[in-house]
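# What the coordinates show
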Amino acid sequence: MDGGRSFGGHVREGRRAVSAEAAALIPLLDALRAAERAGAEALERWVASCRDPRLRGGLRVICARDRSHAALAEERLRALGGVPTATAGRELQAVCGVVADPDVSDRSKLALLIARLAGRVEGTLEHAVRTSEVDVETQAVLAAIGEDDLGSMRWLRAVHDALDGR
Amino acid sequence: MSDDAHDVAAFLDALRAAEEAGADVLNAWVATCRLDELRGGLRAIAEREAVHAGLLAGRLRELGAPCTAVVNELLRAGAVSRFGSAALSDEEKLSLVLARYPDDGAVTKPIRRVIESLDGDPETRELLRLVAEGESATIAWFRAYQRALGRRVPLPE
């Protein structure tokens, strides 16, 4: 496998030449795509077993958003010349397992999701949006995904507080 | 179905049709958009509109209500043609969108009114709450982008 830089700052990704900047961005988009898809699948299973209609209403939206974020990330990844190959990491798979488990309480799942989303919005995604190595089109897509996640997090926190009777 | 439930279903259906048409218009704009950053935002916002339309259609099905509303075809086709036109600048298109919403709250006002009447249906209420929040985020983004665009110094010809 080549994978190295060639003249003009380009690398080979499959059969297409991509810029060095795009090559650095592709794994991030691929990881995001895999994480969003795994999240959507876990949320779908939570919705199926959730008995609280208030919670179900919002979870449906967050699940659909995750699915659309995966599609957006894949679209950008392919536009940059990449091919999606990533799968969710072990830690994320464990989180998804808990979220999908009908025997875990809604409150525990909410706490877990809030912690997870907070880390991503303030971590990887935030960094990707701000770094100068990301093209502005992808930056805008990532910023919109981050905005959705912020909204989801606000809602999850509000529901969590409501369940706690705060 | 009670009269109130019928009114709510009609609102959800009209909103679904509007979101679907909105996604069509935004996708037409994406195809001719010359500004990379704006194009990225439009892609994400078009996707958001399509997600809202899908969620509302799903909820209507669960409530046993049909999805029959359609946006007037002349209006929809006109908007697709205008926003998909290369003859109109991105700045003009931004102004057209924002002229419809004098403030960020204007876009969600009708949704919030329905949310207040939905205590008997918390599932639809919470779904609408997040849809409204997404709509606010969209208008806020357009406004912020327009402001940022206005601050940029044009390149000398």
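Residues numbered from 1 in each chain as written. Chains lettered and ligands numbered in written order. Predicted model: local features only at pLDDT ≥ 70, side-chain atom pairs only at ≥ 80, totals over all residues.

## Section: the overall build of chain B
The helix and strand tally for chain B stands at six helices and zero strands. In sequence order, the secondary structure elements of chain B are arranged as α-α-α-α-α-α. In terms of overall dimensions, chain B has a C-alpha envelope of 65 × 30 × 20 Å along the principal axes. Looking at chain B as a whole, 35% of its 157 residues qualify as buried. Put simply, of all contacts in chain B between residues at least 6 apart along the chain, 75% involve residues at least 24 apart. (Helix = DSSP H or I, 4+ residues; strand = E, 2+ residues; numbered from the N terminus. Buried ≥ 20, exposed ≤ 12 C-beta atoms within 10 Å, placed from the backbone. Contact = placed C-beta atoms within 7 Å.)

## So, the overall build of chain A
Looking only at helices and strands, chain A features six helices and three strands. For chain A, the sequential pattern of α-helices and β-strands runs β-β-β-α-α-α-α-α-α. Put simply, chain A has 166 residues, and 39% of those count as buried. Sequence separation of at least 24 residues holds for 66% of the intrachain contacts in chain A that already meet a minimum separation of 6.

## Description of the packing of helix H2 (residues 53-79) of chain A against helix H6 (residues 122-151) of chain B
Two quantities define a packed helix pair, namely the angle between the helix axes and the distance between the axes. In the contact formed by H2 of chain A and H6 of chain B, the axes pass within 7 Å of each other and the chain directions differ by 35 degrees. Here H2 of chain A runs over H6 of chain B; the crossing is right-handed. Touching Pro53, Arg54, Arg56, Gly57, Gly58, Arg60 and Val61 of chain A of H2 of chain A are Pro122, Glu123, Thr124, Arg125, Glu126, Leu127, Leu130 and Val131 of chain B, all from H6 of chain B. Considered class by class, the residues forming the contact of H2 of chain A with H6 of chain B number six nonpolar, three polar and six charged. (Axes fitted to C-alpha atoms, helices over the stretch in contact; angles between N-to-C directions. Left-handed = near helix turned anticlockwise from the far one by under 90°. Nonpolar A, V, L, I, M, F, W, Y, C, P; charged D, E, K, R; others polar.)

## Notes on the packing of helix H1 (residues 20-49) of chain A against H2 of chain A
Residues and elements named next belong to chain A. At a minimum axis separation of 8 Å, H1 and H2 run at an interaxial angle of 155 degrees. For the element pair H1 / H2, the angle class is roughly antiparallel. As H1 packs across H2, the resulting crossing turns out to be left-handed. (Parallel < 35°, antiparallel > 145°, perpendicular 65-115°, else oblique.)

## Structural notes on the interface of chain B and chain A
The partner chain A presents 25 residues to the 25 residues of chain B that form the contact. Listing elements by their share of the side of chain B that touches chain A, those giving two or more residues are helix H2 (36-62) and H6 of chain B. Take the side of chain B that touches chain A: its biggest share by element is 13 residues, from H6 of chain B. Considering only residue class, the side of chain B that touches chain A consists of 10 nonpolar, five polar and 10 charged.

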